[in-house]
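Residue-level listing of the chains:
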Amino acid sequence: MTRTDPTPLRIEDAVNALCPWSGKPIAADSLTLYNGAVVGFCNPDCRDKFERALTHFEGALQARRAASAGVNE
């Protein structure tokens, strides 16, 4: 989930104050954009873990939608 927008994300725009993985305070170098909102994490590893999980689930959802639509038949 690579961002192409060169505008830097700002910690003050984050929708959360604590990392959803660790519960620690978020860091300015560990932000991502999700559904148009800035989401913060305590470190880049937690942010990257979130992005990998999203990629996995988005792929699974697309496969399920394709199967439901009969695309794989």
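It should be noted that the structure appears before, not after, this text.
Throughout what follows, the structure given in this document is the object of discussion. (Residues numbered from 1 in each chain as written. Predicted model: local features only at pLDDT ≥ 70, side-chain atom pairs only at ≥ 80, totals over all residues. Heavy atoms only, no water.)

**A word on the pairing of strand S2 (residues 37-40)**
Pairing of strand S1 (residues 31-34) with S2 involves four bridges; the strand directions are antiparallel. Across the sheet, Thr32 pairs through a bridge with Val39, a residue of S2. The loop that links S1 with its antiparallel partner S2 comprises two residues; one of these, Asn35, has a positive phi angle of about 50 degrees. (Pairing = 2+ DSSP bridges. Helix = DSSP H or I, 4+ residues; strand = E, 2+ residues; numbered from the N terminus.)

**Observations concerning the nonpolar core**
In terms of nonpolar packing, the biggest core is built from seven residues, these being Cys19, Val39, Phe41, Cys42, Cys46, Phe50 and Leu54. Per-element tally for this core: the top contributor is helix H1 (residues 44-68), with three residues. Setting aside its immediate chain neighbours within four residues, Phe50 contacts Trp21, Thr32, Tyr34 and Phe41. (Core = buried A, V, L, I, M, F, W, Y, C linked by side-chain atoms within 4.5 Å. Buried < 20%, exposed > 50% of the residue type's maximum accessible area, 1.4 Å probe, protein only. Contact = heavy atoms within 4.5 Å.)

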